[in-house]
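Spelled out, the chains give:
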Amino acid sequence: MKVSSIATDKVAISLSMLCLLHCLAVPLLIAVVPSVAAMAFTDESFHLWLVMAVFPTSIYALTIGCKRHKQIKVVMLGGIGLTLLVLALVLGGIFQNEVIEKALTALGTLLIGFSHFQNFKLCQTAACDNDICR
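Computed from a prediction, not measured in an experiment: that's the story for all the values here.

S.K.: What is the right way to read the nonpolar core from this model?
M.R.: Generally speaking, a soluble globular protein has its nonpolar side chains buried in company with each other. Among the nonpolar cores identified, the biggest contains eight residues, and these are L15, C19, L50, V51, V54, L82, L85 and I112. For this core, the elements supplying multiple residues, two or more each, are α1 (3-32), α2 (44-69) and α3 (72-95). Broken down by element, this core gets its largest block of residues, three residues, from α2. Apart from the residues lying within four places of it in its own chain, the contact partners of V51 are L85, V86 and L89.

S.K.: Just checking my understanding: could you explain unusual backbone geometry for this structure?
M.R.: Glycine aside, residues mostly have negative phi, and peptide bonds are mostly found in the trans state. Here the phi dihedral of K70 falls at roughly 60°; this positive angle occurs in a residue that is not glycine. Within the secondary structure, K70 sits in the loop between α2 and α3.

S.K.: Sorry, what's going on with the side chain of T109 here?
M.R.: Summarising the element assignment, T109 is placed in helix α4 (residues 98-129). Beyond its immediate sequence surroundings of up to four residues, T109 is in contact with S16, M17, C19, L20 and L85.

Thresholds applied
Residues numbered from 1 in each chain as written. Predicted model: local features only at pLDDT ≥ 70, side-chain atom pairs only at ≥ 80, totals over all residues. Heavy atoms only, no water. Core = buried A, V, L, I, M, F, W, Y, C linked by side-chain atoms within 4.5 Å. Buried < 20%, exposed > 50% of the residue type's maximum accessible area, 1.4 Å probe, protein only. Helix = DSSP H or I, 4+ residues; strand = E, 2+ residues; numbered from the N terminus. Contact = heavy atoms within 4.5 Å.

Written out as structure tokens, the structure is:
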């Protein structure tokens, strides 16, 4: 398994979980420490920047992984997660409904993280099956 594929999966998982943490923890942090609301990472644009970072990283890592392990369902699962993240941004902005946005973001990031974890495991197995790691 290439180092770039391993690193990309790890970066994509980290960015997805950062997105989830931002979505769930920032409102609690603002409730406990109201001055946090003035910080830059509480702005909605932070969510947009995270999605813009997660999207290409995930597509790259899942595509490379699919070429190696040939499991299209992993890519599809990641694609569903990415779609949910984009829907969270769009629908959250249209309806101004934080519950919908948080639910879509949470589900999307969990699907993306899970798909990258599966991609990572399958790539390791595929590498071993091809006598690369023996």
